[in-house]
Amino acid sequence: MSASSFPVLIDGQTIARRIQDLARELRVRGDGEPHFIAVLDGARIFADKLLQALGREAGAYDSIQLASYSGTESTGTVRIVKDLGQDVRGKRVVILEDIVDTGRTILALRKLLFERGARSVETLTLLSKPSRRVVEVPLEGVGFEVPDLFVIGFGMDLDGKYRELPYVGVYQADEAERSAV
Ligand code: IMP
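Draft legend 1. Here's a closer look at the nonpolar core. Core analysis: the largest hydrophobic core is formed by 27 residues, its most contacted members being Leu50, Leu96, Leu126 and Leu127. Breaking this core down by element, the ones donating at least two residues are α1 (12-29), β2 (34-40), α2 (44-54), β5 (92-100) and β6 (120-128). When neighbours within four sequence positions are excluded, leucine 127 is seen to be in contact with Ile10, Asp98, Ile99, Val100, Phe144, Val146, Val151, Met156 and Val168. Listed in part, the 16 residues of the second largest apolar core include Leu66, Val93, Ala118 and Val137.

Below you can see the structure in the form of C-alpha coordinates.
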(Lines give C-alpha, C1' and ligand atoms only; values in the text may rest on other atoms or scores of the structure.)
Protein backbone atom coordinates (compact mmCIF):
# COMPACT_ATOMS: atom_id res chain seq x y z
CA MET A 1 0.00 0.00 0.00
CA SER A 2 1.32 3.47 -0.81
CA ALA A 3 1.36 6.58 1.40
CA SER A 4 -1.08 8.19 -1.08
CA SER A 5 -3.88 6.33 0.66
CA PHE A 6 -4.11 8.65 3.67
CA PRO A 7 -7.70 9.92 4.00
CA VAL A 8 -8.10 13.10 1.96
CA LEU A 9 -9.30 16.10 3.96
CA ILE A 10 -8.94 18.71 1.18
CA ASP A 11 -8.23 17.69 -2.42
CA GLY A 12 -5.71 19.41 -4.68
CA GLN A 13 -8.30 21.11 -6.93
CA THR A 14 -10.12 22.64 -3.97
CA ILE A 15 -6.81 23.93 -2.58
CA ALA A 16 -5.86 25.43 -5.97
CA ARG A 17 -9.19 27.29 -6.21
CA ARG A 18 -8.90 28.63 -2.66
CA ILE A 19 -5.36 29.88 -3.31
CA GLN A 20 -6.73 31.90 -6.25
CA ASP A 21 -9.28 33.46 -3.83
CA LEU A 22 -6.53 34.31 -1.32
CA ALA A 23 -4.49 35.97 -4.08
CA ARG A 24 -7.53 38.03 -5.14
CA GLU A 25 -8.26 39.07 -1.54
CA LEU A 26 -4.64 40.13 -1.03
CA ARG A 27 -4.72 42.29 -4.19
CA VAL A 28 -7.91 44.01 -2.98
CA ARG A 29 -6.47 44.77 0.47
CA GLY A 30 -3.65 46.81 -1.14
CA ASP A 31 -1.58 48.87 1.33
CA GLY A 32 1.68 48.75 -0.65
CA GLU A 33 3.81 46.06 -2.24
CA PRO A 34 3.99 42.95 -0.07
CA HIS A 35 7.28 41.57 1.16
CA PHE A 36 6.51 37.85 1.49
CA ILE A 37 8.08 35.68 4.14
CA ALA A 38 7.43 31.95 3.86
CA VAL A 39 7.79 29.89 7.00
CA LEU A 40 9.84 26.89 5.90
CA ASP A 41 9.64 24.08 5.26
CA GLY A 42 5.89 23.67 5.57
CA ALA A 43 4.77 26.78 3.65
CA ARG A 44 7.05 26.27 0.64
CA ILE A 45 4.41 24.73 -1.64
CA PHE A 46 1.66 27.13 -0.52
CA ALA A 47 4.04 30.08 -1.09
CA ASP A 48 4.98 28.87 -4.59
CA LYS A 49 1.34 28.46 -5.61
CA LEU A 50 0.23 31.79 -4.13
CA LEU A 51 3.07 33.71 -5.80
CA GLN A 52 2.24 31.97 -9.09
CA ALA A 53 -1.40 33.03 -8.67
CA LEU A 54 -0.30 36.64 -8.09
CA GLY A 55 1.95 36.56 -11.17
CA ARG A 56 3.71 39.82 -11.89
CA GLU A 57 1.99 41.49 -8.96
CA ALA A 58 3.91 39.32 -6.47
CA GLY A 59 6.35 41.26 -4.30
CA ALA A 60 9.75 40.27 -2.93
CA TYR A 61 10.14 36.84 -1.41
CA ASP A 62 12.18 35.72 1.57
CA SER A 63 11.94 32.80 3.97
CA ILE A 64 12.68 31.83 7.52
CA GLN A 65 12.89 28.38 9.05
CA LEU A 66 11.42 27.94 12.50
CA ALA A 67 10.98 24.84 14.60
CA SER A 68 8.50 24.11 17.35
CA TYR A 69 7.34 20.56 16.65
CA SER A 70 8.71 17.18 17.57
CA GLY A 71 6.64 14.37 16.01
CA THR A 72 2.98 15.34 16.35
CA GLU A 73 3.48 17.48 19.50
CA SER A 74 4.14 21.23 19.73
CA THR A 75 7.04 21.85 22.10
CA GLY A 76 5.89 25.37 22.99
CA THR A 77 9.19 27.07 22.22
CA VAL A 78 9.98 28.51 18.82
CA ARG A 79 13.57 28.70 17.60
CA ILE A 80 15.11 30.10 14.42
CA VAL A 81 16.73 27.35 12.35
CA LYS A 82 17.49 29.60 9.34
CA ASP A 83 17.10 33.37 9.55
CA LEU A 84 15.75 35.83 6.97
CA GLY A 85 18.05 36.93 4.17
CA GLN A 86 16.63 40.45 3.80
CA ASP A 87 15.90 43.53 5.90
CA VAL A 88 12.22 44.09 6.74
CA ARG A 89 12.55 47.68 7.99
CA GLY A 90 9.65 49.85 6.76
CA LYS A 91 8.10 47.01 4.76
CA ARG A 92 4.58 45.61 4.49
CA VAL A 93 5.38 42.04 5.48
CA VAL A 94 3.05 39.20 4.53
CA ILE A 95 3.82 35.94 6.34
CA LEU A 96 2.93 32.78 4.44
CA GLU A 97 2.30 29.84 6.77
CA ASP A 98 1.12 26.30 6.16
CA ILE A 99 -0.94 25.84 9.33
CA VAL A 100 -1.65 27.87 12.46
CA ASP A 101 -2.13 25.52 15.37
CA THR A 102 -1.41 26.86 18.89
CA GLY A 103 -0.52 30.26 17.33
CA ARG A 104 2.87 30.41 19.06
CA THR A 105 4.94 30.37 15.85
CA ILE A 106 3.07 33.30 14.31
CA LEU A 107 3.09 35.23 17.60
CA ALA A 108 6.88 34.82 17.90
CA LEU A 109 7.46 35.69 14.25
CA ARG A 110 5.25 38.81 14.38
CA LYS A 111 7.18 39.99 17.45
CA LEU A 112 10.52 39.41 15.70
CA LEU A 113 9.40 41.26 12.55
CA PHE A 114 8.10 44.28 14.47
CA GLU A 115 11.31 44.37 16.54
CA ARG A 116 13.22 44.50 13.24
CA GLY A 117 11.16 47.48 12.07
CA ALA A 118 8.46 46.03 9.78
CA ARG A 119 5.82 48.69 8.96
CA SER A 120 2.99 46.14 9.07
CA VAL A 121 2.64 42.37 9.35
CA GLU A 122 -0.19 40.28 7.86
CA THR A 123 -0.50 36.51 7.95
CA LEU A 124 -1.91 34.29 5.22
CA THR A 125 -2.20 30.67 6.22
CA LEU A 126 -3.37 27.74 4.16
CA LEU A 127 -4.90 26.05 7.21
CA SER A 128 -5.97 27.02 10.71
CA LYS A 129 -6.93 24.79 13.64
CA PRO A 130 -8.89 27.27 15.80
CA SER A 131 -9.74 24.70 18.48
CA ARG A 132 -6.02 24.29 19.29
CA ARG A 133 -5.24 27.99 19.79
CA VAL A 134 -3.27 28.82 22.94
CA VAL A 135 -2.43 32.44 22.03
CA GLU A 136 -4.47 34.95 20.01
CA VAL A 137 -3.00 35.94 16.66
CA PRO A 138 -4.57 38.03 13.90
CA LEU A 139 -4.97 36.11 10.62
CA GLU A 140 -5.75 38.24 7.56
CA GLY A 141 -6.24 35.25 5.26
CA VAL A 142 -7.19 31.65 6.03
CA GLY A 143 -7.53 29.04 3.29
CA PHE A 144 -9.44 26.49 5.37
CA GLU A 145 -10.30 25.92 9.00
CA VAL A 146 -9.66 22.31 9.97
CA PRO A 147 -10.55 20.22 13.02
CA ASP A 148 -8.02 19.01 15.58
CA LEU A 149 -6.39 16.34 13.44
CA PHE A 150 -2.74 15.98 12.49
CA VAL A 151 -2.60 16.74 8.77
CA ILE A 152 0.07 16.01 6.18
CA GLY A 153 0.68 16.82 2.52
CA PHE A 154 0.76 19.99 0.43
CA GLY A 155 3.97 20.94 2.24
CA MET A 156 3.05 19.66 5.68
CA ASP A 157 5.10 16.90 7.18
CA LEU A 158 5.53 14.49 10.00
CA ASP A 159 9.24 14.46 10.83
CA GLY A 160 10.15 15.37 7.25
CA LYS A 161 7.82 12.90 5.49
CA TYR A 162 4.66 13.24 3.31
CA ARG A 163 5.21 16.88 2.25
CA GLU A 164 4.95 15.97 -1.44
CA LEU A 165 1.37 14.63 -1.27
CA PRO A 166 -0.71 16.82 -3.66
CA TYR A 167 -3.58 17.10 -1.16
CA VAL A 168 -4.11 17.66 2.57
CA GLY A 169 -4.54 14.29 4.23
CA VAL A 170 -5.15 13.09 7.75
CA TYR A 171 -2.19 11.34 9.31
CA GLN A 172 -3.05 7.87 10.55
CA ALA A 173 -0.31 5.79 12.09
CA ASP A 174 -1.83 2.55 10.75
CA GLU A 175 -1.66 3.79 7.15
CA ALA A 176 1.97 4.85 7.60
CA GLU A 177 2.92 1.45 9.05
CA ARG A 178 1.18 -0.42 6.23
CA SER A 179 2.77 1.78 3.52
CA ALA A 180 6.25 1.15 4.98
CA VAL A 181 6.07 -2.58 4.19
P1 IMP B 1 1.91 26.56 16.15
O2 IMP B 1 3.11 27.35 16.57
O3 IMP B 1 1.46 25.63 17.22
O4 IMP B 1 0.80 27.41 15.60
O5 IMP B 1 2.39 25.57 15.04
C6 IMP B 1 2.69 25.95 13.78
C7 IMP B 1 3.55 24.92 13.11
O8 IMP B 1 3.34 23.60 13.64
C9 IMP B 1 3.21 24.83 11.65
O10 IMP B 1 4.00 25.70 10.91
C11 IMP B 1 3.51 23.39 11.32
O12 IMP B 1 4.85 23.27 10.94
C13 IMP B 1 3.31 22.64 12.60
N14 IMP B 1 2.01 21.95 12.64
C15 IMP B 1 0.96 22.22 13.43
N16 IMP B 1 -0.06 21.37 13.21
C17 IMP B 1 0.35 20.55 12.24
C18 IMP B 1 -0.26 19.46 11.54
O19 IMP B 1 -1.43 19.06 11.77
N20 IMP B 1 0.50 18.87 10.58
C21 IMP B 1 1.77 19.27 10.27
N22 IMP B 1 2.38 20.28 10.90
C23 IMP B 1 1.68 20.91 11.87
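Draft legend 2. Quick peek at helix α3 (residues 104-115). The end-to-end C-alpha distance of α3, which contains 12 residues, comes to 17 Å, matching closely the 16 Å that a straight helix rising 1.5 Å per residue would cover. Once α3 finishes, glycine 117 follows within two positions and takes phi at roughly 95 degrees, a positive value.

Draft legend 3. Examining the packing of aromatic side chains more closely. Scanning the model with the defined rule gives 3 aromatic pairs in all. Aromatic pair phenylalanine 6 and tyrosine 162: ring centres 5.0 Å apart, planes at 75 degrees, arrangement edge-to-face. Of the two residues, phenylalanine 6 is situated in the segment before β1 (8-10) and tyrosine 162 in the loop between β8 (151-152) and β9 (168-170); the sequence distance between them amounts to 156 residues.

Draft legend 4. Main features of the environment of valine 170. The residue valine 170 is located in strand β9 in this model. Taking relative accessible area as the criterion, valine 170 reaches 13% and is therefore assigned buried. Distance from valine 170 to isoleucine 152, taken between C-alpha atoms, is 6.2 Å for residues 18 residues apart in sequence. The residues touching valine 170, leaving out its near neighbours within four places in the chain, are Phe6, Pro7, Leu9, Leu149, Phe150 and Ile152.

Draft legend 5. Here's a closer look at the site of the ligand. What surrounds the ligand is a group of 15 residues, the closest being Asp101, Thr102, Gly103, Thr105 and Val151. Between the ligand and the protein, one listed contact pairs an oxygen atom with a side-chain N or O atom of lysine 129 at 2.9 Å. Computed on the free molecule, the ligand has an accessible area of 490 Å², of which 92% lies beneath the protein chains in the complex. Elements that contribute at least two residues to the shell around the ligand include exactly β5 and α3. No other element matches β5, which puts 4 residues into the shell around the ligand. Each residue belonging to the shell around the ligand can be placed in one class, and the counts come to 6 nonpolar, 3 polar and 6 charged.

Rules used throughout
- Residues numbered from 1 in each chain as written.
- Predicted model: local features only at pLDDT ≥ 70, side-chain atom pairs only at ≥ 80, totals over all residues.
- Heavy atoms only, no water.
- Core = buried A, V, L, I, M, F, W, Y, C linked by side-chain atoms within 4.5 Å.
- Buried < 20%, exposed > 50% of the residue type's maximum accessible area, 1.4 Å probe, protein only.
- Helix = DSSP H or I, 4+ residues; strand = E, 2+ residues; numbered from the N terminus.
- Contact = heavy atoms within 4.5 Å.
- Expected span 1.5 Å × (residues − 1).
- Phe/Tyr/Trp six-rings, centres within 6.5 Å; stacked < 30°, edge-to-face > 60°.
- Near = heavy atom within 4 Å.
- Polar contact = N/O pair within 3.5 Å; in protein donor to acceptor, adjacent residues only side chain to side chain.
- Areas by Shrake-Rupley, 256 points an atom, 1.4 Å probe, with all protein chains shown as cover.
- Nonpolar A, V, L, I, M, F, W, Y, C, P; charged D, E, K, R; others polar.

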